[in-house]
Amino acid sequence: AIDEACSLASRAQADSFGWDADGLGAPLRVQVAENFKGKATRTFMFKGSESPHNPDSIFEAAEVYAMSNQSRNKDVFANKRSQNYTEIATRMHKTWEAVKAKENGHNKYVNPDELISFSSEIEGIQKLRAELCRMPMKPNGAGKILLYTKDEMRRGITLPSGQRVVIPSPNMGDCVMMSFDNSATIMPKVQITPPRPLRPMGITNARTR
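1. Structural notes on helix H1 (residues 2–11)
For step 1, the next point in the chain: Among all positions in H1, only Ile2, Cys6 and Ala9 are buried. Looking down the long axis of H1, one finds its buried residues gathered within 60° of arc, a one-sided arrangement.
For step 2, the next point in the chain: At its buried positions, H1 is contacted by strand S1 (16–20) and helix H2 (29–35).
For step 3, the next point in the chain: Directly after H1, the chain includes Gln13, whose backbone phi takes a positive value near 55°.

2. Some thoughts on the nonpolar core
For step 1, the next point in the chain: Ranked by internal contacts, the top residues of the largest apolar core, which has 18 residues, are Phe46, Tyr85, Met135, Met153, Ile157, Ile167 and Met177.
For step 2, the next point in the chain: Mapped by element, the contributors of at least two residues to this core are strand S2 (42–46), helix H4 (80–103), helix H5 (125–133) and helix H7 (171–179).
For step 3, the next point in the chain: Ranked by residue count, the leading element in this core is H7, at 3 residues.
For step 4, the next point in the chain: Formed by 8 residues, the second largest nonpolar core is a distinct cluster that contains Ile2, Cys6, Ala9 and Phe17.

3. Some points on the packing of aromatic side chains
For step 1, the next point in the chain: Within this structure, the stated rule accounts for 3 aromatic pairs.
For step 2, the next point in the chain: Aromatic pair Phe17 and Phe36: ring centres 5.1 Å apart, planes at 40°, arrangement tilted. One end of the pair, Phe17, is in strand S1; the other, Phe36, is in the loop between H2 and S2, and 19 residues separate them in sequence. Each member of the pair Phe17 and Phe36 is classed as buried.
For step 3, the next point in the chain: Look at Phe59 and Phe77: their rings are 5.1 Å apart centre to centre, the planes differ by 90°, and that puts the pair in the edge-to-face class. Taken together, the residues span a long stretch of sequence, with Phe59 in the loop between S2 and helix H3 (73–76) and Phe77 in the loop between H3 and H4 at a distance of 18 residues. This pair shows no difference in class: Phe59 is buried, exactly as Phe77 is.
For step 4, the next point in the chain: One aromatic cluster is present, built from ring pairs that chain together Phe17, Trp19 and Phe36.

4. What to know about the packing of H4 against H7
Two quantities define a packed helix pair, namely the angle between the axes and the distance from one axis to the other.
For step 1, the next point in the chain: Packing of H4 against H7 leaves a shortest axis separation of 9 Å and a crossing angle of 90°. By the angle between their directions, the pair H4 and H7 is classed as roughly perpendicular. Residues Arg81, Asn84, Tyr85 and Ile88 of H4 lie in contact with H7, whose contacting residues are Gly173, Asp174, Val176 and Met177.

5. Side note on the pattern of salt bridges
For step 1, the next point in the chain: Evaluation of the coordinates by the stated rule reveals 13 salt bridges.
For step 2, the next point in the chain: Between Arg72 and Asp75 there is a salt bridge, and its shortest N-O distance comes to 3.2 Å.
For step 3, the next point in the chain: Relative accessible area serves as the criterion here: at 33%, Arg72 is assigned to the partly exposed category.
For step 4, the next point in the chain: In this structure Asp75 comes out as partly exposed when scored by relative accessible area, which is 37%.
For step 5, the next point in the chain: Here Glu87 makes a salt bridge to Arg91, at a shortest N to O gap of 2.9 Å. In this pair, Glu87 and Arg91 both sit in helix H4, 4 residues apart, roughly one turn of the helix.
For step 6, the next point in the chain: Residue class for Arg91 comes out buried when judged on its relative accessible area of 13%.
For step 7, the next point in the chain: Linked through salt bridges whose partners overlap, the residues forming this network are Asp56, Arg72, Lys74 and Asp75.

6. A word on the environment of Ile157
For step 1, the next point in the chain: If you trace the backbone, Ile157 turns up in strand S3 (residues 157–158).
For step 2, the next point in the chain: By relative accessible area, Ile157 is classed as buried at 2%.
For step 3, the next point in the chain: Each C-alpha atom, one on Ile157 and one on Lys138, is 9.2 Å from the other, the two residues being 19 residues apart in sequence.
For step 4, the next point in the chain: With residues up to four places along the chain from it excluded, the contact list for Ile157 reads Pro136, Tyr148, Glu152, Gln163, Arg164, Val165 and Ile167.

About the cut-offs
Residues numbered from 1 in each chain as written. Predicted model: local features only at pLDDT ≥ 70, side-chain atom pairs only at ≥ 80, totals over all residues. Heavy atoms only, no water. Buried < 20%, exposed > 50% of the residue type's maximum accessible area, 1.4 Å probe, protein only. Helix = DSSP H or I, 4+ residues; strand = E, 2+ residues; numbered from the N terminus. Arc of directions from axis to C-beta. Contact = heavy atoms within 4.5 Å. Core = buried A, V, L, I, M, F, W, Y, C linked by side-chain atoms within 4.5 Å. Phe/Tyr/Trp six-rings, centres within 6.5 Å; stacked < 30°, edge-to-face > 60°. Axes fitted to C-alpha atoms, helices over the stretch in contact; angles between N-to-C directions. Parallel < 35°, antiparallel > 145°, perpendicular 65-115°, else oblique. Salt bridge = Lys/Arg side-chain N within 4 Å of Asp/Glu carboxyl O.

Written out as structure tokens, the structure reads:
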């Protein structure tokens, strides 16, 4: 499966290629590296169970979720997976606000880098929408944003209403979530070496007594 995914990414000339490195994806680093050897595509391992990105930074979308206090990312999110899915939800919310503002004739500037867009021609767009809209939050004593794992959803979870449901693995939703991960969107810094100063022609060192 990973060879086929790498082949599809190569044919599409993808800028980045990432895979879920939690569980069975952990030992695939060498296989992925071999598939992209000599190609410009960047590869990254995504581990949703790790601590959130920029843990000490202030959670910028606090107003969207009616948070009165300025909380840090590590105080809001349990891991990277919950942080990235919340980022997708925030983008959707801001996009909806931008669309409604335009419909109502308001000329409010919205940073396009904070929005999201899905092509209506995506195969399985309804399945993708269903996966992104049904991600249930898992209660936890720390009061952080935490999502059920894919394994927990497959085995069945109990909703606040008491109903027990089985949710298939959100494979398409996870692909969208990983595509907005910092490892996929932030390019490495280019190391620039300053030029060495040139000695003017015709001038030599002189030693005086």
